[in-house]
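This is what each chain is made of:
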Amino acid sequence: MSKPVIVAENVVKRFDEVVAVNDISFAVNAGEIFAFLGPNGAGKSTTISMLTTMLRPTSGKLFLNSHNVAKEQANARKSFGIVFQDPALEEELTAYENMLVHAILYGIPKPEQVPRIEELLRLVDLWERKDSYVKTYSGGMRRRLEIARGLLHHPKVLFLDEPTLGLDTQTRNLLWDYVQKLRDNEGMTIFFTTHYLDEAEEVADRIAIIDHGKIVATGTSKQLAKQTGTKTLEQAYLELTGKGVRDETSLANNGLNVRTAMRNRNLR
Ligand code: ADP
Ligand code: MG
């Protein structure tokens, strides 16, 4: 049995009267690709923010790479990389400069910086545009640059919060191929959210479904289908979370809070 690298024990997060995360427990093993699925407002981003030290749980415990996230923040932070739902790039720098600043911040050894930046910018097809300012980039290009940046320091655990939102099929495929390669070659553990159920079905070793802050099912795509008496992950998902559209949406400024926390963290 491989050791769990991400552990949540009875984690609760309240925002005043809103219980965003309501007593969740799970464990993700080393080298696993784990999908965290749920409707808007289910508590996915809040969970990622707690795991990545940007929010404190109201109660419960979180461990990352065996470090207690609340008590050993610095060690926990060294263990992960993250790609946000909402890109946080420096507009007044070029793509290449954005990558270089990040490489320096994360202490990537100098001889590795240039080749790794080139590898990743080529991966997301931005190498030819590396010297353009980010402020001239389209939405899709920004997203691709953020993904490249999140992968730069080859962390032990990679969190991806809706990384493929709004990307074309070709770029989505490239991203997941690369993520699988990182897992295969480096044993990286991947925790991601997506609304594209086909991605989760294809890429994830295991899936947890969260709804109204509670985990309603965990297992392989096949197990979830079997458990719900359905044939596909999408059918299982709809069976577990209902067919009604949620008017509840995650807070628009959630990404901004995360961004501010990230900046503060980088300045420390
Ligand atoms: P998801 O990522 O699954 O769409 P979130 O984790 O962003 O969901 O949000 C879960 C719930 O917590 C939602 O009801 C959302 O409105 C609420 N929430 C998230 N962040 C905050 C915050 N900073 N303050 C108050 N409520 C929040
Ligand atoms: Mg979210």
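Rules used throughout
Residues numbered from 1 in each chain as written. Chains lettered and ligands numbered in written order. Predicted model: local features only at pLDDT ≥ 70, side-chain atom pairs only at ≥ 80, totals over all residues. Helix = DSSP H or I, 4+ residues; strand = E, 2+ residues; numbered from the N terminus. Buried ≥ 20, exposed ≤ 12 C-beta atoms within 10 Å, placed from the backbone. Contact = placed C-beta atoms within 7 Å. Expected span 1.5 Å × (residues − 1). Arc of directions from axis to C-beta. Pairing = 2+ DSSP bridges. pLDDT = per-residue confidence, 0-100. Axes fitted to C-alpha atoms, helices over the stretch in contact; angles between N-to-C directions. Parallel < 35°, antiparallel > 145°, perpendicular 65-115°, else oblique. Left-handed = near helix turned anticlockwise from the far one by under 90°. Nonpolar A, V, L, I, M, F, W, Y, C, P; charged D, E, K, R; others polar.

Draft legend 1. Inspection of the overall build of the protein chain at higher detail. Looking only at helices and strands, one finds ten helices and ten strands in the protein chain. Dimensions of the protein chain, computed from the C-alpha atoms along their principal axes, are close to 50 × 40 × 40 Å. Considering the protein chain as a whole, with its 268 residues, one finds that 38% of them fall into the buried category. Of the contacts formed within the protein chain by residues at least 6 apart in sequence, a portion of 68% connects residues at least 24 apart.

Draft legend 2. Representation of helix H4 (residues 110–123) within the structure. Between its terminal C-alpha atoms H4 stretches 20 Å, which fits the 20 Å expected from 14 residues at 1.5 Å a residue. Where H4 is concerned, the buried positions are Ile-117, Leu-120 and Leu-121. Buried residues along H4 cover an arc of 95° about the axis, so they all sit on one side. In H4, the exposed residues that point more than 90 degrees away from the buried face are Pro-111 and Pro-115.

Draft legend 3. Looking closely at the sheet that holds strand E4 (residues 59–64). If you walk across this open sheet you meet the four strands as E2-E1-E4-E5, and the pairing is antiparallel. The open sheet is flanked by strand E2 (18–29) and strand E5 (67–68), the only strands paired with a single partner. Two elements, strand E1 (residues 4–15) and E4, share five bridges in a ladder whose sense is antiparallel. Following the sheet pairing, Glu-9 is matched in E4 by Lys-61.

Draft legend 4. Here's a closer look at unusual backbone geometry. At Ser-66, a position not held by glycine, the phi torsion is positive, near 70°. Mapped onto the elements, Ser-66 comes out in the loop between E4 and E5. When the 13 C-beta atoms within 10 Å are taken as the criterion, Ser-66 is described as partly exposed. Non-glycine residue His-212 carries a positive phi angle of around 50°. One can find His-212 in the loop between strand E9 (206–211) and strand E10 (214–219).

Draft legend 5. The arrangement of the environment of Arg-129 in detail. The topology assignment puts Arg-129 in the loop between H4 and helix H5 (139–150). Under the C-beta neighbour-count criterion, Arg-129 is labelled partly exposed, with 18 such atoms within 10 Å. Residues Arg-129 and Ala-103, spaced 26 residues apart in sequence, show a C-alpha to C-alpha distance of 19 Å. Contacts of Arg-129, omitting those with residues within four sequence positions, involve Ala-95 and Met-141.

Draft legend 6. Expanded view of the confidence of the model for the protein chain. When the pLDDT values of the protein chain are averaged, the result is 88; 90% of them are 70 or greater. Contacts for the low-pLDDT stretch residues 250–268, under 50 throughout, to residues beyond four places or in other chains number 14 contacts.

Draft legend 7. Inspection of the packing of helix H8 (residues 221–228) against helix H9 (residues 233–241) at higher detail. For the pair H8 and H9, the least separation of the axes is 8 Å and the interaxial angle reads 50°. In terms of axis orientation, H8 runs oblique to H9. The two elements H8 and H9 meet at a crossing, and its hand is left-handed. Two secondary-structure elements touch here, H8 through Ser-221, Leu-224, Ala-225 and Thr-228 and H9 through Leu-233, Gln-235, Ala-236, Glu-239 and Leu-240. Partitioned by chemical class, the residues of the contact of H8 with H9 number five nonpolar, three polar and one charged.

Draft legend 8. Expanded view of the pairing of E2. Sheet topology places E1 next to E2; nine bridges connect them, and they run antiparallel. Paired with Val-7 across the strands is Ala-27, a residue of E2. Where E1 folds back on E2, the antiparallel hairpin that results is connected by two residues, among which Asp-16 adopts a positive phi of roughly 50°.

Draft legend 9. Focus on the environment of Lys-226. With respect to the element layout, Lys-226 can be found in helix H8. Sequence spacing of Lys-226 and Tyr-106 is 120 residues, and the spatial spacing of their C-alpha atoms is 43 Å.

Draft legend 10. Molecular detail of the packing of helix H3 (residues 95–105) against H4. Look at H3 against H4: their axes get within 10 Å of each other, and the N-to-C directions meet at 130°. Viewed along their axes, H3 and H4 adopt a mutual orientation that is oblique. The way H3 lies across H4 gives a crossing that is right-handed. On H4, the residues touching Ala-95, Tyr-96, Met-99, Leu-100 and Ala-103 of H3 are Gln-113, Ile-117 and Leu-121. Across the contact of H3 with H4, the residue classes break down as seven nonpolar, one polar and no charged.

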